[in-house]
Amino acid sequence: MVSKEIPEYVLRVYGIGPQARAFPFGSGHIHRTFLVSEVNRQFIFQRINHHIFTDVDALMENICAVTAYIRERVTEDKRPATIEVVKTQTSLTHVQDEEGYWWRALAYIGGSHTVDVPHNTQMAYEAGKTLGRFYKLLDGFQPQHLHVVLPRFHELGYRLQQFHTALENASEQRKARAAELIRLVKEKADSLLWPDRLIASNALPLRVVHNDPKINNVLLDEMGHGICMIDLDTVMPGCLLHDFGDALRTTANPAAEDETDLTKVRPDIQLFEAYTQGFLDQTQSMLFSAEKEYLHRAPAFLTFVIALRFLTDYLNNDVYYHVSHPEHNLQRARAQFALYQGFEESEPKMKEIVDRILH
Ligand code: GN1
Ligand code: MG
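Residues numbered from 1 in each chain as written. Chains lettered and ligands numbered in written order. Predicted model: local features only at pLDDT ≥ 70, side-chain atom pairs only at ≥ 80, totals over all residues. Heavy atoms only, no water.

A. Representation of the overall build of the protein chain within the structure. Looking only at helices and strands, the protein chain has 13 helices and 10 strands in total. Its C-alpha atoms give the protein chain a radius of gyration of 20 Å, near enough to 21 Å, the size a compact globule of 359 residues would have. In terms of its C-alpha atoms, the protein chain occupies a principal-axis envelope of roughly 55 × 55 × 35 Å. Expressed as a percentage of the 359 residues in the protein chain, the buried residues total 57%. A separation of at least 24 residues holds for 74% of the contacts in the protein chain among residues at least 6 apart in sequence. (Helix = DSSP H or I, 4+ residues; strand = E, 2+ residues; numbered from the N terminus. Rg over C-alpha atoms; globule rule 2.2 N^0.38 Å. Buried < 20%, exposed > 50% of the residue type's maximum accessible area, 1.4 Å probe, protein only. Contact = heavy atoms within 4.5 Å.)

This is how it looks when you write it as structure tokens:
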């Protein structure tokens, strides 16, 4: 039985019959995702959150442009080097249902899976190599050809503005529950504006970046080898340090993103080293010296940005991220701020590792 959550009309335009089965899939915080299985084919179906991605045509154009470019460059590989948007029978990349929701389908790669936390250093290495390969394959794609679907996405100054607006409108109860984190933001924010400044002064190159390369956006095969990056929604012109930081936020943290036991939340330096090795094995020759110089400071920065966004959404009564209970965003923010502090303390050690790998 097809899940009632995917309208029959949507499946029909893809030529999928009523015998197909559908189940909720993955752990994304924004869209609704399903695995749809017929006797001999499987698809990922996603209902796009158009409150967040307001220009769905631009979003899909970006994904199709980037994946087409990668496919043209990799012809000899048997394994897919990128995700593939499946078109409808009339060649559309996305369709709207009667309620106004947009849907898209992606080919499911047999035997593939994702993990929410790395199982070992080998897996961290594979994740780093997979993001590095994504960069290598897109070297030459002009970032200006992409739409900016979510402007100022990782700009801390922008996220602070949103935080201050949320603070003005938040309930006394939520402000009280979050008081300690609110204090931390006010104390630390100024010291973290350096990437915004470097970007504004063009000291860092503009690249095609993923913008959400957390470990569960790395597709792995049965052997644990990286296949490709998935979730290309936020691929935009941007900054490599943002990607490197977000990747380590999830790959160098052995605990869950929303871990309640904060004693478990700390950067694991061996996982950091393995990821960095995998990433730099692929990208070292492409990197600019300004990028190399700041790699070790990217994890604390980006983890702070994500923590701040969870906190802001808590103050806004959970309007952005899916939550499974009323304190979920606060719980995520607590874990991510704890991780941020751990990364900041580990910067000297991370610098040593980056320098050793680069020399
Ligand atoms: C969101 O939906 P998902 O899980 O792919 C968010 C990312 C955050 C992430 C935190 C468009 O990604 O920026 O890093 O949650 N995506 C958007 O896990 O805001
Ligand atoms: Mg995403």
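The structure having been displayed, the exposition proceeds.
B. Geometry of the site of ligand 1. Taken together, 17 residues lie near ligand 1, and Ile-30, Lys-214, Glu-257, Arg-309 and Tyr-320 sit nearest. At 2.7 Å, a side-chain N or O of Arg-309 approaches an oxygen atom of ligand 1. A distance of 2.5 Å is found between an oxygen atom of ligand 1 and a side-chain nitrogen or oxygen belonging to Tyr-320. For ligand 1, whose unbound accessible area comes to 440 Å², protein coverage reaches 96%. Per element, the largest residue contribution to the shell around ligand 1 is three residues, and it comes from helix H11 (residues 298-315). Grouping the amino acids of the shell around ligand 1 by side-chain chemistry returns eight nonpolar, three polar and six charged. Mapping the shell around ligand 1 onto the domain boundaries places at least three of its residues in each of domain 1 (8-107) and domain 2 (121-358). (Near = heavy atom within 4 Å. Polar contact = N/O pair within 3.5 Å; in protein donor to acceptor, adjacent residues only side chain to side chain. Areas by Shrake-Rupley, 256 points an atom, 1.4 Å probe, with all protein chains shown as cover. Nonpolar A, V, L, I, M, F, W, Y, C, P; charged D, E, K, R; others polar. Domains from an automatic or database assignment.)

C. Structural view of the domain arrangement of the protein chain. As far as domains go, the protein chain holds domain 1 (8-107) and domain 2 (121-358). Taken together, the contact between domain 1 and domain 2 spans 27 residues of the former and 31 residues of the latter. The salt bridge partner of Asp-221 is Arg-79, with a shortest N-O separation of 2.8 Å. Taken together, the links from domain 1 to domain 2 amount to 17 residue pairs in polar contact (both at pLDDT 80 or more). (Salt bridge = Lys/Arg side-chain N within 4 Å of Asp/Glu carboxyl O.)

D. Representation of the layout of surface pockets in the model. Looking at the second largest pocket, its volume works out to about 440 Å³. Lining the second largest pocket are 20 residues; nearest its centre among them are Ile-199, Leu-206, Pro-237, Gly-238 and His-242. Those elements that place two or more of their residues in the lining of the second largest pocket are helix H7 (194-200) and strand S10 (236-238). Here the residues of the lining of the second largest pocket sort into 12 nonpolar, five polar and three charged. (1 Å grid on protein atoms, 1.4 Å probe; cavity = no way out; pocket = protein on both sides within 12 Å on 5 of 7 lines; lining within 4 Å. Points joined across faces, edges and corners; volume = space filled by probe spheres on them.)

E. Region of interest: the coordination of the magnesium ion (ligand 2). Within the protein, the atoms that donate to the magnesium ion (ligand 2) are Asp-212 (OD) and Asp-231 (OD), at distances of 2.0 Å. Here Asp-231 lies in the loop between strand S9 (226-229) and S10 and Asp-212 lies in the loop between strand S7 (207-209) and strand S8 (218-220), a separation of 19 residues in the sequence. Under the relative-accessibility criterion, Asp-231 is labelled partly exposed at 24%. (Donors = N, O, S within 2.8 Å, 3.2 Å for Na, K, Ca; no water.)

F. Local environment of the side chain of His-296. Within the fold, His-296 resides in the loop between helix H10 (289-294) and H11. Taking relative accessible area as the criterion, His-296 reaches 10% and is therefore assigned buried. For His-296, the side chain forms a polar contact with the main-chain oxygen of Glu-293, separated by 3.4 Å. Apart from residues lying up to four places away in sequence, His-296 is in contact with Glu-347, Met-350, Lys-351 and Val-354.

G. Summary view of the pattern of salt bridges. One pass over the structure, following the stated rule, counts 14 salt bridges. Across the salt bridge formed by Asp-233 and Arg-104, the nearest N and O atoms sit 2.9 Å from each other. One end of the pair, Asp-233, is in the loop between S9 and S10; the other, Arg-104, is in strand S6 (residues 102-107), with 129 residues separating them in the sequence. In terms of burial, Asp-233 and Arg-104 fall into one category: buried. The partner of Arg-177 in a salt bridge is Glu-327, with the nearest N and O atoms 2.5 Å apart. With Arg-177 in helix H5 (residues 172-177) and Glu-327 in the loop between H11 and helix H12 (328-345), the pair connects residues that are 150 residues apart, well separated along the chain.

H. Quick peek at H11. Compared with the 26 Å implied by 1.5 Å per residue over 18 residues, the 26 Å span of H11 between its first and last C-alpha is a close match. Within H11, 18 of the 18 residues are buried, leaving the element largely enclosed by the surrounding structure. (Expected span 1.5 Å × (residues − 1).)

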